[in-house]
Amino acid sequence: MTPTPPPPAELSAERLNTVYQGDCRDLFALLPDNSVDLVLTDPPYKDYQSNRPVAHEKVTAISMATFDLEGFIHESERVLKPGSHFYCWCDHLSFPAIFEAIQARTRNVSARQAATRLKYKNCLIWVKNNHGSGDLAGNYAPQHELVIYASKGRTRPLLSGRRPSNVFFERDDQGRISFYSKVSNYRFQHGTSKPLAILERMIEASAKHGEIVLDPYGGSLSTAEAAMRRGCRYIMGELDADHCRRGVERLEQVRDELLAEGYRPEVLDGPRYHVLQAAPPPQERHHSLNAQERRRLEEARAAKASRASDNPEPAPTFLPDFLKGE
Ligand SMILES: C[S@@+](CC[C@H](N)C(=O)[O-])C[C@H]1O[C@@H](n2cnc3c(N)ncnc32)[C@H](O)[C@@H]1O
């Protein structure tokens, strides 16, 4: 017998079309179970420390220490509505760890539990129209990035009519194929902005108009722009205050442009901006939460403790150091 999925939860209006500046673990704590329609994100999967100039500044160094892979997978799964889709950008080095963290969710569990867990579906590929530098010593030049595509339990169908290819490309009237270019670091003053056209294609395939897209590692906030352009609402997290400030200014401009074009104003409400409290020690933090948030925190701790006792093995040895979490 197919288990009945839990009812979706309503998110309060002030959470929607909001950019949360701070650690996304604190953003997840604000979101109820089964409340978002799509997770589309791009966590800090490699060392972005770079000296490349960005509009006469340096690209901001991103601390790998803030990426808690297991917590991110678990929280994404919790907040997604049943059947909803999950996209996570990665590369060939981070793919194995993220894939394994997802596979582990449905290993040795009952059908009832599997219906509430992330299930790996496919690997999507962005072929760039020019390659990066990477390891120059006797190596092939890197010219692609990957996206892990998964769903929570039984997958709802893709919305983009025909069955899309897992490689992103465009074909013109003469049948000629072209790929999507990299986004210049100068464009949004961010080192790893993803092409808007690809983000829009993923949203178009996985969220209906008015539905809610969550990107906890928002960067330049391109996912929010793509969501607006596809008639969806968004919830964004981003640690860096400068990225948030520039991103919010950009979303205001996009909103005005779309309103002038006659888009539905209720979907374009915002952007709102909210600074998350830096996570204080657990005891103090406990007191500043409301009853519902405190209950969720306690449940999350109990789930973490039960995961640790169910699965005492150490992290797989192939995991690169920067992905081993805290
Ligand atoms: C790969 S970038 C995302 C780029 C984004 N997809 C875009 O198109 O601009 C990852 C982002 O995650 C942010 N980040 C890192 N740790 C974080 C955390 N714990 N909570 C929220 N954001 C975080 C970094 O500041 C960085 O901007």
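Residues numbered from 1 in each chain as written. Predicted model: local features only at pLDDT ≥ 70, side-chain atom pairs only at ≥ 80, totals over all residues.

(A) Expanded view of the packing of helix α2 (residues 69-79) against helix α3 (residues 95-106). The geometry of α2 relative to α3 is characterised by a closest axis approach of 10 Å and an angle of 50 degrees between their N-to-C directions. On the basis of the axis angle, α2 is oblique to α3. Crossing of α2 against α3: the hand is right-handed. Where α2 abuts α3, its residues L69, E70, I73 and E77 lie against A97, I98, A101, I102 and R105. By residue class, the composition of the contact of α2 with α3 is six nonpolar, no polar and three charged. (Axes fitted to C-alpha atoms, helices over the stretch in contact; angles between N-to-C directions. Helix = DSSP H or I, 4+ residues; strand = E, 2+ residues; numbered from the N terminus. Parallel < 35°, antiparallel > 145°, perpendicular 65-115°, else oblique. Left-handed = near helix turned anticlockwise from the far one by under 90°. Contact = placed C-beta atoms within 7 Å. Nonpolar A, V, L, I, M, F, W, Y, C, P; charged D, E, K, R; others polar.)

(B) How the structure looks around helix α7 (residues 222-229). Counting buried residues in α7 gives seven out of eight residues, a clear majority hidden from the surface. What α7 keeps buried is the set S222, T223, A224, E225, A226, A227 and M228. Here the buried face of α7 lies against β2 (36-41), α6 (196-206), β11 (212-215), β12 (233-238) and α8 (241-260). Where α7 terminates, the next one or two residues include G231, which has phi positive at roughly 75 degrees. (Buried ≥ 20, exposed ≤ 12 C-beta atoms within 10 Å, placed from the backbone.)

(C) Molecular detail of the confidence of the model for the protein chain. Looking at the protein chain, pLDDT values average 84 and 78% of them are 70 or higher. Contacts for the low-pLDDT stretch residues 312-326, under 50 throughout, to residues beyond four places or in other chains number 15 contacts. (pLDDT = per-residue confidence, 0-100.)

(D) Focus on α6. Looking at α6, one finds that the buried residues are L199, M202, I203 and S206. Projected down its long axis, α6 shows its buried positions confined to an angular sector of 95 degrees, all on one face. Where α6 is buried, its residues contact β2, β5 (80-90), β11 and α7. (Arc of directions from axis to C-beta.)

(E) The arrangement of the nonpolar core in detail. By size, the foremost hydrophobic cluster in this structure holds 52 residues, and its most contacted members are V36, I148, I203 and V213. At six residues, the largest contribution of residues to this core is made by β5. In this structure, I148 is in contact with C88, C90, F95, I98, F99, I102, Y120 and C123, ignoring residues within four places of it in sequence. (Core = buried A, V, L, I, M, F, W, Y, C linked by C-beta atoms within 7 Å.)

(F) Looking closely at unusual backbone geometry. Omega for the peptide link from G270 to P271 comes to 5 degrees, which places this bond in the cis form. Secondary-structure assignment places P271 in the loop between α8 and β13 (272-275). The phi dihedral of N34 falls on the positive side, at around 50 degrees, and the residue is not glycine. Secondary-structure assignment places N34 in the loop between α1 (24-28) and β2.

(G) Region of the structure containing the environment of Q143. Its place among the elements puts Q143 in the loop between β6 (118-127) and β7 (144-152). Among the residues examined, Q143 registers 15 C-beta atoms within 10 Å and is labelled partly exposed. Each C-alpha atom of the pair Q143 and K182 lies 10.0 Å from the other, and the pair is 39 residues apart in sequence. In this view, Q143 contacts V127, K128 and H131; residues no more than four positions away in its chain are not counted.

(H) Up close: the packing of α7 against α8. Following both chains from N to C, one finds α7 and α8 inclined at 10 degrees, their axes separated by 10 Å at the closest point. What the angle tells us is that α7 and α8 run roughly parallel. Contacts between α7 and α8 pair A224, E225 and M228 from the former with R250, L251, V254, R255 and L258 from the latter.

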